[in-house]
Amino acid sequence: MKKTLAILAAAAAIAAVAPAAEAARLTWNKCSDQTLPAPTECASIEVPVNWAEPDGRKIRLDLARLPATEPDRRIGSVLEVTGGPGNSGIPEVKFAASNLKELGRRFDLVFFQTRTSLWFRNMPKVCWKPGTQMEDPRSRKRYTAQTAAMTRSFLACQKADTTGLFAHVDSMSMARDMEAIRAVLGEERLSMVAHSYGGVPSIAYARLFPQRIRALYADGVINQAAGFNDQMLRISTVFEEKFKEFTVWCADTPACALHGEDAEAVWRALVRAADRKPIPGTSAEFGKGEMTGWMLRQHAFTYAVDPGKDHANWLAFAESVDKARRGDGSGFGDHVITGTSVWSTPGVLAMSCGDGRGFADYDELRNYRRTAEKTRPNLGSVRIEGVACTGWPLKVANPVRPLPSHGLPSILGAGSTYGDVVTTRTLTEMIPGSVTVTYEGPGHVLWMMNKKCPIKHATSYLTDLKLPPPGTTCPAE
């Protein structure tokens, strides 16, 4: 019975897309955006704001394509699924024009303006205002109060929204947009390049339309099918390892501002002190604020995971720690205050709370905290977006759940050892026959960084559906 219902649901989903897609007349023209490379052609497509009401209010999504340079050998189209959430794929044409030339010989490379980017551009001012001063709630009472404050903030944002998008910027809605694009492109099955948070709508597409996928290259993705708790713990494990490497480097480097001290001990003392008495700082975007130890653990080291050229990022991080312990938080303000504020704003959170990003309840939050702080003592903490999304007032449109057990093709993943290979691998391990290429260096979204080895494997896979051997690695470039 359950299998029958699933088949009927999938058929209904396809039927809901078909009328709008068939009615569309996709005409490619010269792009009005003069910053796009000359071969780019542009078009647009109308889709419903709410896919449950296909005849209701519509939005227009811009499309851009780089036509195949060898049209006589053309295989089809590759749709790029961007991340964020909140990014538009259109500006990424510029990277593809130079970095994906080989893939572009036999494919039209297609990019689209996401509904989340439309929302990001048009959300009311009240949606940019942090819902509350976020904290890691250490009691049910504080958890309940903070959740209620965020709920009020979400509802105020929804009330001010004139686009209708607030309730429909989840990845399930975006997956239906992708299916509409597939239909107007005339592709029987879709080939995709997904990166970062773009993995979430791609996974939603795999649930809705598994029979419509020809190939998927997943570049440094978040695997929503494994759950956000799992993914964030895996990433923080990598960050913890890099932090340990930083402390060893600092001990061996006289130029490090913490040289001659136990850098790890200094950091932990700073975090404890900041939880007792927050450190003042300034963010260029959000102004003056105070940074707690909880905020520091989440955001302070994120820019320094990659040590940078000549260890510039690690040098800056050590100097910022040294200043912060003396009461000067200027080195961390833009990272910590901005990061905390952004992930407290209802408009930003609306683009992922509908994907099941929040904690289910206080018990789940507390259990996550225990695991994070025990296994990742320097950087482990409760996820700010997880706490904030507990106040989401609507039904979760795209809840965490397994992928289909049948019908999906083998996919190719790739990711950096500085973070996202661990999350990408969890996705490929769910799909039989799939492979993840490990890039042994820093980086996020490898094709946009023009990392030639991963691009070579992606091109071969998307062109010939040929996967590299399991365990394939690419040296840092």
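Residues numbered from 1 in each chain as written. Predicted model: local features only at pLDDT ≥ 70, side-chain atom pairs only at ≥ 80, totals over all residues. Heavy atoms only, no water.

**Student:** Is there a simple way to explain the sheet that holds strand 5 (residues 107-112) in this structure?
**Tutor:** Sheet strands pair via backbone hydrogen bonds, and the direction of the pair is either parallel or antiparallel. Strands sit in the order 1-2-3-5-4-6-7-10-11-12 across an open sheet of ten strands; the sheet is mixed. Each of the sheet's edge strands pairs with one partner strand only, and the pair in question is strand 1 (29-30) and strand 12 (473-475). As paired elements, strand 2 (residues 41-48) and strand 3 (residues 58-66) share eight bridges and run antiparallel to each other. Pairing of S44 across the sheet is with D62, part of strand 3. Relative to the sheet, helix 3 (residues 115-122) contacts strand 2 and strand 3, its axis offset from that of strand 3 by approximately 120°. (Pairing = 2+ DSSP bridges. Helix = DSSP H or I, 4+ residues; strand = E, 2+ residues; numbered from the N terminus. Contact = heavy atoms within 4.5 Å. Axes fitted to C-alpha atoms, helices over the stretch in contact; angles between N-to-C directions.)

**Student:** Before we go on, may I ask you to explain the packing of helix 7 (residues 228-251) against helix 15 (residues 421-428) in this structure?
**Tutor:** Packed helix pairs are specified by the crossing angle of their axes together with the interaxial distance, meaning the distance between the axes. Where helix 7 meets helix 15, the axes come as close as 8 Å, and the angle between the chain directions of the two elements is 140°. One element, helix 7, and the other, helix 15, form an angle in the oblique class. On helix 15, the residues touching D230, Q231, R234, I235 and V238 of helix 7 are V422, T423 and T426. (Parallel < 35°, antiparallel > 145°, perpendicular 65-115°, else oblique.)

**Student:** For this particular structure, what's the right way to read helix 12 (residues 346-353)?
**Tutor:** An α-helix turns once every 3.6 residues. As a result, residues three or four positions apart point the same way. Counting buried residues along helix 12, eight of its eight residues qualify, which places the element largely inside the surrounding structure. Within the span of helix 12, buried status applies to P346, G347, V348, L349, A350, M351, S352 and C353. (Buried < 20%, exposed > 50% of the residue type's maximum accessible area, 1.4 Å probe, protein only.)

**Student:** Could you clarify how one ought to interpret the packing of aromatic side chains in this entry?
**Tutor:** Centre-to-centre distance and the angle between the planes together describe a pair of aromatic rings. This model, assessed by the stated rule, comprises 20 aromatic pairs. Between F243 and F317 the ring centres are 6.3 Å apart and the planes differ by 85°, which places this aromatic pair in the edge-to-face class. You can see F243 sitting in helix 7 and its partner F317 sitting in helix 10 (residues 312-324), a full 74 residues away along the chain. For F243, a relative accessible area of 0% corresponds to the buried category. Above the ring of F359, the side-chain terminus of R383 is found at 4.6 Å from the ring centroid. Taking NZ or CZ as reference, R383 lies 5.6 Å from the ring centre of Y368, over its face. (Phe/Tyr/Trp six-rings, centres within 6.5 Å; stacked < 30°, edge-to-face > 60°. Lys NZ or Arg CZ within 6 Å of the ring centre and 35° of its normal.)

**Student:** Before we go on, may I ask you to explain the pattern of salt bridges in this structure?
**Tutor:** Counted under the stated rule, the structure contains 28 salt bridges. We note a salt bridge from K242 to E245, for which the minimum N-O separation is 3.6 Å. Of this pair, K242 and E245 both sit in helix 7, three residues apart, which is roughly one turn of that helix. The partner of K244 in a salt bridge is E264, with the nearest N and O atoms 2.9 Å apart. (Salt bridge = Lys/Arg side-chain N within 4 Å of Asp/Glu carboxyl O.)

**Student:** What am I meant to see in the state of the cysteines here?
**Tutor:** Simply put, disulfide is the name for a covalent bond between the sulfur atoms of two cysteines. Here the structure, examined in full by the defined rule, presents five disulfides. Across the disulfide from C31 sits C42; the S-S distance is 2.0 Å. Between C31 and C42, the disulfide has an S-S torsion of 100° and is therefore right-handed. Of the two residues, C31 is situated in the loop between strand 1 and strand 2 and C42 in strand 2; the sequence distance between them amounts to eleven residues. For C127, the disulfide goes to C157, at an S-S distance of 2.0 Å. Negative torsions about the S-S bond denote left-handed disulfides, and the value of about 105° found for C127 with C157 makes this one right-handed. Of this pair, C127 sits in the loop between helix 3 and helix 4 (140-160) while C157 sits in helix 4; the two residues are 30 residues apart in sequence, bridging distant segments of the chain. Assigned by exposure class, C127 and C157 land together as buried. (Disulfide = S-S within 2.5 Å.)

**Student:** So what exactly am I meant to see when it comes to the pairing of strand 2 here?
**Tutor:** Of the strand pairs in this sheet, strand 1 and strand 2 are connected by two bridges, and their pairing is antiparallel. For K30, the partnering residue across the bridge sits in strand 2 and is E41.

**Student:** Looking at this structure, how should I read the side chain of S320?
**Tutor:** Tracing the sequence through the fold places S320 in helix 10. In this structure S320 touches Y303, G331 and F332, once residues within four positions along its chain are discounted.

**Student:** Is there a simple way to think about the pairing of strand 11 (residues 435-440) in this case?
**Tutor:** Remark: a regular strand shows side chains that alternate across the two faces of the sheet. In terms of burial, strand 11 is largely enclosed, as five of its six residues are buried. Sheet analysis places strand 10 (residues 412-416) next to strand 11, joined by five bridges and oriented parallel. Each residue of the ladder has a partner; that of S416, found in strand 11, is Y439. Note on the crossover from strand 10 through helix 15 to strand 11: the handedness is right-handed. The pairing of strand 11 with strand 12 spans three bridges and is parallel. (Right-handed = clockwise from strand over helix to strand, strands pointing away.)

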